[in-house]
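# Summary of the model geometry
Each chain is listed here by its residues.
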Amino acid sequence: MTWNVKDFCPELLPNETVYSWVTRWIQAVPFPQLKESTRLVIGSSNKQRNAIFPSFLPILEAHSGKTIKSLIEGHTIIPYFKSFCEEKSYKSIIKDIYKGDSSKVHLKLPFNSGRIFANPDLQICPICSDNDIHQYGINYFHVIHQLPGVQVCIHHRVELLKIKRIPCALNRPPILKYGNKDTIKNSTETQLKLALLSTELLNNDDNLTGSISQYYTARFIEFKLTTDRGGIDQKLLYEVLRYYYQDHMKNKLFDTIFSSDNVQHDPRDLLCKGKTHFHPLKHLILIAFLFDNIKELVDYIAEIKSIKNKPLIIPYPPTMINIINALVTGFSLKKISQSSGMSACKLKQIAISNHITINQREKTIFRAEKKSIKSMLKRGKKTNDIAAKIPCSIDVVTKILDQSPKIQAQRNEYLFTRKRAAARLRLITTMRVMEKELLTRNNIYAQDTRTYRWLFKRDREWLEKMLPKRYARKKH
Ligand SMILES: [Zn+2]
């Protein structure tokens, strides 16, 4: 009696990962040795079965009759990476997979594929799992539950269960009975939103590479969350994002991204380094905060692009702000040129466009220091910090402040703008973590009364625009 490996090919179930399917197939082959069965099904026992970019799809196509295209599109997380890959690179990656060689794929990805690449564990939804057992007799790993950083099932709005990935073993989801529904944890709004956006990315055909960060920045400007110089308060943004994603922090990927000693993975980079490429998860972290879904972002980009003559306001990057401050302070062009690497001619242009007069004859150190103190005062720096930085006594700093009502006014205005930006950001954050149906003025007020009151008193017009519409009172 003879048999063929095809005879044991299990049915590929909806949204099942190739890994899950292959594992079942290998288990079904009647060979005592795992190595032999693996070699039969995927051509070699050395190939990494759980690779995100598997190298054995051609042999699966030959054995099962399923096309490589349908396997990639319906049963792997590969399409998740498409939107943030240059078209050429993505095509080349797909070509490699068609050839059964994924050894160079990681080099072709635009981002460092190292530490935040994949979820450390396999995941299942307890309810999907129950339903699968009911419908197909078995449970299996779904593609949408394995997306990087995703913690919940978008269909059932519950937290996914983690199944430890044992290297070299045939990892299968345990068959558990979740009769006791108390053990199931409901998802939070932010968890659900990130999962929805991640799933949306699987089917998104719009390419989002290029200067995407300018649209994030534009959105921040639209929310009026910029400082008076048009920059973004990076520290504040970091704190807000940490707060917004507090439900995700127990996830290792998020922990890596947000840990303070890991500057490399800081999501704030997205706003500074225009064209540097990042892992999709880092993009999604910002997109989920700024937009309701990927489509809204795509429409937003199209809208901005369509307004041809409307210049996009792009805030100065921090290096530029340093240059402007140095010019305002009165440092010589030569000195600024040395430290910034920018030509004197370019510096003059910057000075002119920012209405800064450069007096090249009068540049005594004292004058420069005084200007520097004034500039820091205007930017709301604490007097003792200024004194330490110059260095000089605190008295010198307070004296300069007392003598100049104009600087005092500018300082107050700066501090107000900063406080207002922080309050606005707090309100938006509060509103974004609230469930849509609960989003009423009263509830927002109850969630963060202090911020609400502050804005009501000092920034009423903006507040009115941001809040949900007031319900008309019923007349009795
Ligand atoms: Zn589910």
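About the criteria used
- Residues numbered from 1 in each chain as written.
- Predicted model: local features only at pLDDT ≥ 70, side-chain atom pairs only at ≥ 80, totals over all residues.
- Helix = DSSP H or I, 4+ residues; strand = E, 2+ residues; numbered from the N terminus.
- Contact = placed C-beta atoms within 7 Å.
- pLDDT = per-residue confidence, 0-100.
- Buried ≥ 20, exposed ≤ 12 C-beta atoms within 10 Å, placed from the backbone.
- Arc of directions from axis to C-beta.
- Axes fitted to C-alpha atoms, helices over the stretch in contact; angles between N-to-C directions.
- Parallel < 35°, antiparallel > 145°, perpendicular 65-115°, else oblique.
- Left-handed = near helix turned anticlockwise from the far one by under 90°.
- Nonpolar A, V, L, I, M, F, W, Y, C, P; charged D, E, K, R; others polar.

### Focus: the overall build of the protein
From N to C terminus, the protein includes 24 helices and two strands. Considering only intrachain contacts with a sequence separation of at least 6, the fraction spanning at least 24 residues in the protein is 69%.

### Considerations on the confidence of the model for the protein
Averaged over all residues, the pLDDT of the protein equals 82, while 86% of them reach at least 70. For the protein, helix α12 (residues 269-272) is the element with the lowest average pLDDT, namely 65, and helix α4 (residues 68-75) is the one with the highest, namely 96. Ignoring residues within four places in sequence, the model shows residues 360-365, a span with pLDDT below 50, making four contacts including any to other chains.

### Here's the deal with the environment of I212
If you trace the backbone, I212 turns up in the loop between α8 (189-202) and α9 (213-222). For the pair I212 and I301, spaced 89 residues apart in sequence, the C-alpha separation works out to 8.5 Å.

### Describing helix α7 (residues 126-136)
When we look at burial in α7, the residues that qualify are P126, C128, S129 and D132. Projected down its long axis, α7 carries its buried residues within an arc of 160 degrees, all on one side. In α7, the exposed positions angled more than 90 degrees off the buried face are occupied by H134 and Q135. Residues of α7 that are buried make contact with β1 (122-124) and β2 (161-163). At the C-terminal side of α7, G137 shows a positive phi close to 85 degrees.

### Here's the deal with the packing of helix α21 (residues 405-433) against helix α23 (residues 449-458)
In a pair of packed helices, the angle between the axes and the distance between the axes together describe the arrangement. For the pair α21 and α23, interaxial distance at closest approach is 10 Å and the crossing angle is 125 degrees. Taken together, the axes of α21 and α23 lie oblique to each other. The two elements α21 and α23 meet at a crossing, and its hand is left-handed. Between α21, through R420, A423, R426 and L427, and α23, the contact on the second element is made entirely by T451, W454, L455 and R458. Partitioning the contact of α21 with α23 into residue classes produces four nonpolar, one polar and three charged.

### Observations regarding the environment of A28
Structurally, A28 can be placed in helix α1 (residues 18-28). Taking C-alpha positions, A28 is 8.0 Å from P10, a pair spaced 18 residues apart along the chain. Sequence-distant contacts of A28, that is, excluding residues within four places in its chain, are made with F8 and P10.

### What about the environment of N412?
Relative to the assigned elements, N412 resides in helix α21. Residue classification places N412 among the exposed residues on the basis of 12 C-beta atoms within 10 Å. For the pair formed by N412 and K378, sequence separation is 34 residues and the distance between their alpha carbons is 8.0 Å.

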